[in-house]
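Results of the structural survey
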Amino acid sequence: DARVTQTPRHKVTEMGQEVTMRCQPILGHNTVFWYRQTMMQGLELLAYFRNRAPLDDSGMPKDRFSAEMPDATLATLKIQPSEPRDSAVYFCASGLTPSVREQFFGPGTRLTVL
Amino acid sequence: ELKVEQNPLFLSMQEGKNYTIYCNYSTTSDRLYWYRQDPGKSLESLFVLLSNGAVKQEGRLMASLDTKARLSTLHITAAVHDLSATYFCAVDIGAGSYQLTFGKGTKLSVIP
């Protein structure tokens, strides 16, 4: 049963702390996306990678957010330092491009920054 | 900048009724997606529409795409409570970008 996995599923932290979210894409998928979902802004694309190379991170606040893909089975999204306005659900999605291009979403990480 | 607009944003309907959700987008696109999200859950892919005139059906849901009008519709037939969820359309502008731009979502509540 191929699916995207994300850890942790829930994270509560205090302002100023570092947060790391992890994503394991579906085996064989070559493209990974990070999204943030809030009530006010909806779904926003933060960054995405193809074949582990970052293609676009223009949706990400550069001063505090960073995204990496150290290998084909792991993508990370870090926030340092975290702020209350970062509270949101962060989704990772993976896909196979250019052939399929459909994105399959992970369960999300619900982040609360106090 | 690509804009994707869904309407309505909120929809309350009785079981057994029919209704249509609309998704308009502002630039040329070669494919469009519909996703479903249950409260507190992830997004589940419903339909992938790949060309003008594409129509796909799954159970009580039918999606169509008119690329000339830049419009997709999601039609609900004889709604049941299990269809209560938020439905998102997303547009892929292609041209090597691989990015999806999502609409705000339509929150559907089916009332017995």
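So, a few notes on the structure that sits alongside this text. Numbers given for residues are sequential positions, taken from 1 along each chain in its written order. Chain letters and ligand numbers both follow the written order, the letters beginning at A and the numbers at 1. Selection of residues for local features in this predicted model requires a pLDDT of at least 70, selection of side-chain atom pairs for listing and counting requires 80 or more, and totals for whole chains, interfaces and linings are taken over all residues. Working from all heavy atoms in the structure, the side-chain values ignore hydrogens and water.

**With respect to the overall build of chain B**
We count it as follows: Counting from the N terminus, the helices are DSSP H or I runs at least four residues long and the strands are E runs at least two residues long. Based on C-alpha atoms, the radius of gyration is set beside the globule rule, defined as 2.2 Å times the residue count to the power 0.38. Whether a residue is buried, partly exposed or exposed follows from its accessible area with a 1.4 Å probe, protein chains only, as a fraction of its type maximum: under 20%, in between, or over 50%, in that order. We call two residues in contact whenever any of their non-hydrogen atoms come within 4.5 Å of each other. The accessible surface values rely on the Shrake-Rupley method and a 1.4 Å probe; as for residues, cover is taken only from the protein chains in view.
Each helix and strand in chain B was counted, giving 0 helices and 11 strands. Moving toward the C terminus, one meets the helices and strands of chain B in the order β-β-β-β-β-β-β-β-β-β-β. Relative to the compact-globule value of 13 Å for 112 residues, chain B shows a C-alpha radius of gyration of 13 Å, a close match. Projected onto the principal axes, the alpha-carbon positions of chain B cover approximately 45 × 30 × 20 Å. Evaluated residue by residue, chain B yields a buried proportion of 46% over its 112 residues. Within chain B, residue pairs in contact and separated by at least 24 positions form 54% of the contacts whose partners lie at least 6 positions apart. Entry remark: accessible area of chain B is about 5,600 Å², with carbon and sulfur atoms responsible for 50%.

**Describing the sheet that holds strand 3 (residues 19–25) of chain B**
Residues and elements named next belong to chain B. Where we set the bar: The rule for pairing is simple: two strands pair if DSSP sees at least two bridges between them. Lines fitted to the C-alpha atoms define the axes, with helices restricted to the stretch that makes contact. Angles between their N-to-C directions range from 0 to 180 degrees.
Across the sheet, 5 strands lie side by side as 1-3-8-7-6; this open sheet has antiparallel pairing. What marks the edges here is a single partner per strand, and that holds for strand 1 (4–7) and strand 6 (55–58). The sheet shows a mean angle of 15 degrees between the axes of neighbouring strands, direction not considered. Note that strand 3 and strand 8 (residues 71–76) share 6 bridges and pair antiparallel. Bridge pairing in strand 8 links Tyr19 to Ile76.

**Observations concerning the sheet that holds strand 8 (residues 74–79) of chain A**
One key point about sheets: their strands pair by backbone hydrogen bonds, in either a parallel or an antiparallel sense. Residue and element names in this part refer to chain A. Taken in spatial order, the 4 strands make up an open sheet running 1-3-8-7, and their pairing is antiparallel. Bordering the open sheet on either side are strand 1 (5–7) and strand 7 (65–71), each of which pairs with just one other strand. On average, each strand axis in the sheet is inclined to that of its neighbour by 20 degrees, with strand direction left out of account. The sheet contact formed by strand 1 and strand 3 (residues 19–24) spans 3 bridges and is antiparallel. Residue pairing in the sheet places Thr5 in a bridge with Gln24 of strand 3.

**Brief notes about the state of the cysteines**
The following threshold applies: Here, a disulfide means two cysteine sulfur atoms that sit within 2.5 Å of each other.
Under the criterion given, the structure shown has 2 disulfides over all chains. The disulfide bridge from Cys23(A) ends at Cys92(A), spanning 1.8 Å between sulfur atoms. Of note, the bridge from Cys23(A) to Cys92(A) carries an S-S torsion of about -55 degrees and is left-handed in sense. Placement of the pair is Cys23(A) in strand 3 and Cys92(A) in strand 9 (residues 88–95), with a sequence separation of 69 residues. The same class applies to Cys23(A) as to Cys92(A), namely buried. Here Cys23(B) is linked by a disulfide to Cys89(B), with a sulfur-sulfur distance of 2.0 Å. Handedness of the Cys23(B)-Cys89(B) disulfide follows from its S-S torsion of about 80 degrees: it is right-handed.

**As for the pairing of strand 5 (residues 42–50) of chain A**
Residues and elements named next belong to chain A. The element strand 5 is largely enclosed, with a buried count of 7 among its 9 residues. As paired elements, strand 4 (residues 31–38) and strand 5 share 8 bridges and run antiparallel to each other. Note on strand 5: the bridge partner recorded for Gln37 is Leu43. Bridge count between strand 5 and strand 6 (residues 53–56): 3 bridges; the pairing is antiparallel. Each residue of the ladder has a partner; that of Arg50, found in strand 6, is Ala53.

**Considerations on the interface of chain A and chain B**
Definition in use: Each salt bridge in this description consists of a side-chain nitrogen of Lys or Arg and a carboxyl oxygen of Asp or Glu lying within 4 Å of one another. Under this definition, polar contacts are N or O atom pairs within 3.5 Å; protein pairs additionally need one hydrogen-donor-capable and one acceptor-capable atom, and for neighbouring residues in sequence, both atoms have to be side-chain atoms.
The interface is formed by 23 residues belonging to chain A together with 21 residues belonging to chain B. Across the contact surface, chain A and chain B share 0 salt bridges. One can count 5 residue pairs in polar contact (both at pLDDT 80 or more) joining chain A with chain B. Going through the elements one at a time, strand 4, strand 5 and strand 6 of chain A are the ones with two or more residues in the side of chain A that touches chain B. A total of 4 residues in the side of chain A that touches chain B trace back to one element, the largest contributor, which is strand 5 of chain A.

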